[in-house]
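What the coordinates show
Here are the chains, one letter per residue:
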Amino acid sequence: MNNSIRVRFAPSPTGYLHVGGLRTALYNYLFARKNKGTFILRIEDTDRTRYIEGAVENLLKTMEMIGLPYDEGPDKDGGFGPYYQSQRTDIYLDHVKKLLDKGAAYHCFCSPETLAEMREKQRLAKEMIRYDGRCRLLEYREVEKRLAAKESHVIRAKIPESGSLEFEDLVRGQVTFPWDMIDDQVLIKSDGYPTYHLANVVDDHLMKISHVIRGEEWLSSTPKHIFLYDAFGWEKPKFAHLPLLLNPDKSKLSKRQGDVAVEDFLAKGYLPEALINFVALLGWHNETDREIFSLMELEETFSIDRITKSGAVFDLEKLQWMNGFYLRNMKLEDLATRLKTYFKLESIDISDQDKYLNVIDFAKERITLLPEIIEQTRMFYEDLSFTDEDHLIIDSENAQKLYSYWLIELSKLDNITEETIEEITKKSSNELNLKGKELYFPLRLALYGKAHGPNIPTLYRLLGKDDFVSRFQKVLINSNTKRF
Ligand code: GLU
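The following refers to the structure shown. (Residues numbered from 1 in each chain as written. Predicted model: local features only at pLDDT ≥ 70, side-chain atom pairs only at ≥ 80, totals over all residues. Heavy atoms only, no water.)

**As for the overall build of the protein**
Using the following cut-off: The way it works is that DSSP assigns letters per residue, a run of H or I at least four long becomes a helix, a run of E at least two long becomes a strand, and they are numbered from the N terminus. Each radius of gyration is computed over the set of C-alpha atoms, and the globule rule expresses the reference value as 2.2 Å times the number of residues to the power 0.38. With a 1.4 Å probe rolled over the protein chains alone, any residue whose accessible area is under 20% of its type maximum counts as buried; one over 50% counts as exposed, and the rest are partly exposed. Only heavy atoms enter the contact rule, under which two residues are in contact if any of them lie within 4.5 Å. Residue-level accessible areas treat just the shown protein chains as cover; the underlying method is Shrake-Rupley with a 1.4 Å probe. Positive charges come from Lys and Arg, negative ones from Asp and Glu, while His and the chain ends are left out of the count. For charged residues, the charge sits on one atom: NZ in Lys, CZ in Arg, CG in Asp, CD in Glu.
Helix and strand content of the protein: 19 helices and 11 strands. What you see for the protein is a C-alpha radius of gyration of 33 Å, clearly larger than the 23 Å of a compact globule of 484 residues, by over 25%. For the protein, the C-alpha atoms occupy an extent of roughly 110 × 50 × 35 Å along the three principal directions. When each of the 484 residues of the protein is scored for burial, the buried share is 49%. Across the protein, every contact between residues at least 6 apart in sequence was considered, and the portion connecting residues at least 24 apart equals 74%. Split by element, the accessible area of the protein, about 24,300 Å² in all, is 49% carbon and sulfur. Positive and negative charge centroids in the protein, built from 67 and 77 side chains respectively, lie 3 Å apart.

**Here's the deal with the site of the ligand**
Rule in force here: We call a residue near a molecule or strand when any one of its heavy atoms sits within 4 Å of it. Here a polar contact is taken to be a pair of N or O atoms separated by no more than 3.5 Å, where protein atoms must pair a possible hydrogen donor with a possible acceptor and residues adjacent in sequence count only if both atoms sit in side chains.
Lining the immediate surroundings of the ligand are Arg8, Ala10, Ser12, Glu44, Tyr196, Asn200, Arg214 and Trp218. Between the ligand and Arg8 there is a distance of 2.7 Å, counted from an oxygen atom to a side-chain nitrogen or oxygen. A distance of 2.9 Å separates an oxygen atom of the ligand from a polar side-chain atom of Arg214. A total of 300 Å² of accessible area belongs to the ligand in isolation, and the protein chains cover 84% of it.

**Description of the nonpolar core**
Filter applied, for reference: By nonpolar core is meant a set of buried Ala, Val, Leu, Ile, Met, Phe, Trp, Tyr and Cys residues that side-chain atoms within 4.5 Å join together.
One finds Phe343, Phe380, Trp406, Phe468 and Phe472 to be the most contacted residues of the largest nonpolar core, which totals 109 residues. By residue number, the principal contributor to this core is helix H1 (residues 19-34), which donates 9 residues. What Phe343 contacts, discounting residues up to four positions off in sequence, is Ile348, Ile350, Tyr356, Ile360, Ile373, Ile374, Thr377 and Tyr381.

**With respect to the layout of surface pockets**
Inclusion rule: Computed over the protein atoms alone on a 1 Å grid, cavities are sets of points where a 1.4 Å probe fits but cannot get out and pockets are open sets with protein on both sides within 12 Å along at least five of seven lines; a residue lines them when it has an atom within 4 Å of a point. Grid points are joined across faces, edges and corners, and a volume is the space filled by probe spheres set on the points. Side-chain classes are defined by residue name, with Ala, Val, Leu, Ile, Met, Phe, Trp, Tyr, Cys and Pro counting as nonpolar, Asp, Glu, Lys and Arg as charged, and the others, Gly among them, as polar.
Considered as a void within the structure, the largest pocket measures approximately 1,400 Å³ in volume. Of all the secondary structure elements, the ones that give two or more residues to the lining of the largest pocket are strand S1 (6-9), H1, helix H2 (55-66), helix H6 (196-206) and strand S8 (211-215). Looking at the lining of the largest pocket residue by residue, the classes come out as 19 nonpolar, 15 polar and 14 charged.

**With respect to the sheet that holds strand S4 (residues 154-157)**
Here is the rule: Each pair of strands is called paired provided DSSP finds at least two bridges between the two strands. Where helices are involved, their axes are fitted lines through C-alpha atoms of the stretch in contact, as for all axes, and angles between N-to-C directions lie from 0 to 180°.
Spatial strand order, S3-S4-S7: 3 strands in an open sheet with antiparallel pairing. The sheet terminates laterally at strand S3 (105-108) and strand S7 (186-188), the two strands that pair on one side only. The sheet shows a mean angle of 45 degrees between the axes of neighbouring strands, direction not considered. By the bridge criterion, 2 bridges tie S4 to S7 in an arrangement that is antiparallel. What sits directly across from Arg156, in S7, is Val186.

**Examining the pattern of salt bridges**
Opposite charge on two side chains permits them to pair, given that their charged atoms come into close proximity. Keep this limit in mind: In the sections that follow, a salt bridge refers to a side-chain nitrogen of Lys or Arg positioned within 4 Å of a carboxyl oxygen of Asp or Glu.
Scanning the entire structure with this criterion turns up 28 salt bridges. In this structure, Asp71 and Arg33 form a salt bridge, with 2.9 Å as the shortest nitrogen-oxygen distance. Of the two residues, Asp71 is situated in the loop between H2 and helix H3 (89-102) and Arg33 in helix H1; the sequence distance between them amounts to 38 residues. One network of salt bridges, in which partners are shared, links Arg8, Arg42, Glu44, Arg88, Asp203 and Asp204.

**A few points about the packing of H6 against helix H7 (residues 222-232)**
For any two helices packed against each other, the geometry is given by the interaxial angle and the distance between the axes. In plain terms, the rule: Any angle from 65 to 115 degrees is called roughly perpendicular, while one under 35 is roughly parallel, one over 145 is roughly antiparallel, and all others are oblique. The sense of a crossing depends on the near helix, which, turned anticlockwise from the far helix by less than a right angle, makes the crossing left-handed and, turned clockwise, makes it right-handed.
In the contact formed by H6 and H7, the axes pass within 10 Å of each other and the chain directions differ by 55 degrees. Relative to H7, H6 is oriented oblique. Our pair here, H6 against H7, has a crossing hand that is right-handed. The residues of H7 that touch H6, namely those facing Tyr196, His197, Leu198, Asn200, Val201, Val202, Asp204 and His205, are Lys224, His225, Leu228, Tyr229 and Phe232. Partitioned by chemical class, the residues of the contact of H6 with H7 number 7 nonpolar, 4 polar and 2 charged.

**Focus on unusual backbone geometry**
Leaving glycine aside, a negative phi is the common case for residues, and trans is the common case for peptide bonds. That bond from Gly81 to Pro82 is cis: its omega, -5 degrees, falls within 30 degrees of zero. Residue placement: Pro82 occurs in the loop between H2 and H3.

**Quick notes on the packing of helix H12 (residues 332-345) against helix H14 (residues 373-381)**
At a minimum axis distance of 11 Å, the contact between H12 and H14 shows a crossing angle of 70 degrees. Judged by the inter-axis angle, H12 sits roughly perpendicular to H14. In this structure, H12 crosses over H14, and the sense of that crossing is right-handed. For the pair formed by H12 and H14, the contact residues are Leu339, Tyr342 and Phe343 on the first element and Ile373, Ile374, Thr377 and Tyr381 on the second. For the contact of H12 with H14, a count of residues per class yields 6 nonpolar, 1 polar and no charged.

**Looking at the side chain of His225**
Within the secondary structure, His225 sits in helix H7. The class for His225 is buried, based on a relative accessible area of 1%. Apart from the residues lying within four places of it in its own chain, the contact partners of His225 are Tyr196, His197, Asn200, Val201 and Arg214.

**As for helix H18 (residues 436-448)**
Put simply, the rule reads: Take the residue count of a helix, subtract one, and multiply by 1.5 Å to get its expected span.
The end-to-end C-alpha separation of H18 is 17 Å, in line with the 18 Å expected for 13 residues at 1.5 Å each. Of all the positions in H18, only Leu439, Phe441, Pro442, Leu443, Arg444, Leu445, Ala446, Leu447 and Tyr448 are classed as buried. Here the buried face of H18 lies against helix H13 (353-363), H14, helix H15 (388-394), helix H16 (397-412), helix H17 (418-432) and helix H19 (456-475).

**Some thoughts on helix H9 (residues 272-280)**
With 8 of its 9 residues buried, H9 lies for the most part within the structure. Considered for burial, the residues of H9 that qualify are Pro272, Ala274, Leu275, Ile276, Asn277, Phe278, Val279 and Ala280.

**A look at the environment of Ile43**
With respect to the helices, strands and loops of the structure, Ile43 is situated in the loop between strand S2 (38-41) and H2. Note: C-alpha distance between Ile43 and Ala10 (33 residues apart in sequence) is 5.6 Å.

**What to know about the environment of Gly21**
Summarising the element assignment, Gly21 is placed in helix H1. In sequence terms Gly21 and Val260 are 239 residues apart; their C-alpha atoms lie 9.8 Å from each other.

**Considerations on the packing of aromatic side chains**
Spelled out, the test is: Geometry of aromatic contacts follows a simple scheme: Phe, Tyr and Trp rings, the Trp one being its six-membered ring, pair when their centres are within 6.5 Å, and the pair is stacked under 30 degrees between planes, edge-to-face over 60, tilted otherwise. A ring has a charge above it when a Lys NZ or an Arg CZ is no more than 6 Å from the ring centre and no more than 35 degrees off the ring normal.
With the rule as written, the count across this model stands at 24 aromatic pairs. A ring pair is formed by Phe325 and Tyr326, whose centres lie 6.0 Å apart and whose planes are at 80 degrees; its orientation type is edge-to-face. Arranged with centres 5.5 Å apart and planes meeting at 85 degrees, the rings of Phe362 and Phe380 form a pair that is edge-to-face. With a gap of 18 residues between them, Phe362 in helix H13 and Phe380 in helix H14 connect regions that are remote in the sequence. Put simply, the rings of Tyr403, Trp406, Tyr460, Phe468 and Phe472 touch in pairs and so form one group of aromatic residues. Seen from the ring of Tyr27, Arg23 lies directly overhead, with NZ or CZ sitting 5.9 Å from the centre. Here Lys355 stacks its cationic end above the ring of Tyr381, 4.6 Å away from the centre of that ring.

Geometric values such as these leave the question of function open.
If you want it as structure tokens, here you go:
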């Protein structure tokens, strides 16, 4: 264990886990594993106005389903808890006092109306919209008086008014922000709760976070955070900001344009392994063109210096391809086990284990998402139904002759193999003079319910003699009349 490497995934529970969040979690997890460090889950739930019932539970469940276990976090105290920010409010209030004492923060009594007016004026004057700092100038005594009168207020950071901040980002290199672009950030809101910025910095420090790995949308907040580290006199963690996730049209990936919730992908039948592999490549690749990585392989090969700066396109088709790849290459027994629930939902009896494995082995080539298994296998378990168009083929004289012929041939043989079936197919073709479509369409319709599909020996492997006989009998118009 390397105690100096400590990273965290710090989601604000919004009700679902965004794929961007999954990538942040994954990269933190991989970085921790690769460097024998600690991966921490911290729930940033101080925004009470955004509280959503069940959101935290859902997040924890999704993290578990996807298979990224944390070393420290809710119900797993590593000595740095609690890991819910809502349980740490006293800590933030203590810390903000230190900032006030040092003169790095100040009380602001401006009402929402005053602030709205300020913004409107700035908008009309085409100035940057920001807090103009008027409460910085309040006399100490006046502040005391207004606090004693319990006047509603917030606490703001006293951001430098000029100069600029430079810092090194492990992904983006040297980054510079002029201070006059940075607002006097609210640190404690009027409800007494901290804002993300204060809580995040205090916790990263107290939890001894060594590397802050998070989405690019937080890059512009980093100067505020660095201001706080410096004001407290704390050592700063290293920062790595991950590239934005984009739609194929290069717009920012958002819920409006389709699925972005990890739980929705799982519910649709994407495999956790495929999602992890796919998400790993959204902004990172190793020195080869390789695309397929198991989680363990990623743990060995991941490194921050191979994270790209430019936005990563979320290509759903690639995810689908990858899911199909994982399905086809998974151990058959494992896949069969995972698919059972879909058969159960449809009340399909899969108790014949040999048949079930054969059926899955056959159908796995034809699906990209787990639930599709049903439409690819139902015909092996349930009675077939036919359309009027099918009947034109099935009821034709040639087809009827064919079925009778097969029934007689099958009844003559005991030990039937796929080769025997191949022979019967050839014999029936020669003796009844039926070729191509005339032969295969009626056979497949009777046995498989569709004119197109697998070859006849394969169908035999999946169905067996009894089903072959009963399915041919079923399509025979008059099974007592031997037309052949
Ligand atoms: N709570 C923030 C979020 O929801 C965390 C950002 C960070 O990692 O600093 O993404």
